[in-house]
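So the chains spell out like this:
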Amino acid sequence: TQIPELSNSWVHMKDDERVREILQSMQKAGSNTLQVISDFDMTLTRFEHNGKRCPDCYNILERSNVISSDCKEKLQELLDKYYPIEIDTKRSVEEKMPLMVEWWTKAHELLVNQKIKKDGLAEAVKDSEAKLRDGYQYFFDHLNEHSIPLLIFSAGIGDILEEVIRQTEVFHPNVKVISNYMDFDESGVLKAFKGELIHIYNKKEGALLNTGHFQELRTRTNVLLLGDSLGDLNMADGVQDMENILKIGFLNDKVEERKQSYLDSYDIVLIKHETLGVPNAVIRFLTDSN
């Protein structure tokens, strides 16, 4: 394939021949058969900046003034307890599932108790260190120009995630978000989270709950999937009549322990790389030729 970016040192593929075949097949089908499904935190956003961890949707709230220091401490305790479980390669997904539900549920309860005001969210995002990965402008704009649907599928908080995209001015009409949304009462205070909980390992269920979305995209049988965890591999499970899927994974952390499992699961693995250069090169290849 004519994608020079794939030969960079941070790009790893278990089977580059297969990647080439998928890309050629997708290119031949034309960009009107393409849809992009992406995770948000640490996939479209940066994992690190200047050696410092960047915040995810929950961290943006945790580090803001909208919640008390007591709540911040409790959320940190939850993270310290459950994050090592989330990335533990020795535990099965089945074993992790109930523990992830426990984590998210407890975190949501803490946040609801904070009586967060809806109008404080924009400020929290504005003051945060959240950063979309370099190249985001091309990524969002180019997909929109070519009317390629982008589904952002996140275990984070939809309201915060949307605010990040809105503040960078790339929330185009082709973007749809499936995430955990806050439910505010009539005075604009958080009272609950809406709908079914989406956590890192149940994106499959989330995909299947949103069959309406995938039904509309029935003619888009080629999928470019972007994620940073093995749970993200299920985001396309709702896609109907899929012909090709190309999976690009960002391996941000704990590289040695996880590298093999990522290579086995993702077609292209980007190791400790902070830009959208490779996804953009793939999108360029799939759109510019037809």
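Above this text sits the structure in question.
Criteria and cut-off values
- Residues numbered from 1 in each chain as written.
- Predicted model: local features only at pLDDT ≥ 70, side-chain atom pairs only at ≥ 80, totals over all residues.
- Heavy atoms only, no water.
- Buried < 20%, exposed > 50% of the residue type's maximum accessible area, 1.4 Å probe, protein only.
- Helix = DSSP H or I, 4+ residues; strand = E, 2+ residues; numbered from the N terminus.
- Pairing = 2+ DSSP bridges.
- Contact = heavy atoms within 4.5 Å.
- Axes fitted to C-alpha atoms, helices over the stretch in contact; angles between N-to-C directions.
- Phe/Tyr/Trp six-rings, centres within 6.5 Å; stacked < 30°, edge-to-face > 60°.
- Lys NZ or Arg CZ within 6 Å of the ring centre and 35° of its normal.

What follows covers helix 11 (residues 277-287). By the criterion of burial, helix 11 is predominantly enclosed, with nine of the eleven residues buried. Burial in helix 11 covers these residues: Val 278, Pro 279, Asn 280, Ala 281, Val 282, Ile 283, Phe 285, Leu 286 and Thr 287.

Turning to the sheet that holds strand 10 (residues 244-251), a few remarks are in order. A sheet is described by the order of its strands in space; here seven strands give the open sequence 1-11-10-9-2-5-6, paired in mixed fashion. Each of the sheet's edge strands pairs with one partner strand only, and the pair in question is strand 1 (11-12) and strand 6 (175-180). As defined by bridge partners, strand 5 (residues 150-157) adjoins strand 6 across five bridges and the pair is classed as parallel. Counted as the bridge partner of Leu 150 is Val 175 from strand 6. Docked against the sheet, helix 6 (residues 136-145) engages strand 2 (34-38), strand 5, strand 6 and strand 9 (222-227), running at close to 135° with respect to strand 5. Its contacts with the sheet put helix 7 (residues 158-167) on strand 5 and strand 6, and the angle it makes with strand 5 is roughly 125°.

Enumeration over the complete set of coordinates arrives at five aromatic pairs. Centre to centre, the rings of Tyr 82 and Trp 103 are 5.9 Å apart; their planes meet at 10°, and the pair counts as stacked. You can see Tyr 82 sitting in helix 3 (residues 69-86) and its partner Trp 103 sitting in helix 4 (residues 93-113), a full 21 residues away along the chain. Neither Tyr 82 nor Trp 103 differs from the other in exposure class; each is buried. Where Trp 103 meets Trp 104, the ring centres are 5.0 Å apart and the plane angle is 65°; that geometry is what we call edge-to-face. Clustering of aromatic rings is evident, with ring pairs tying together Tyr 58, Tyr 82, Trp 103 and Trp 104. If you follow Arg 133 out to its NZ or CZ, it ends over the ring of Phe 250, 3.9 Å from the centre. If you follow Arg 284 out to its NZ or CZ, it ends over the ring of Tyr 138, 4.9 Å from the centre.

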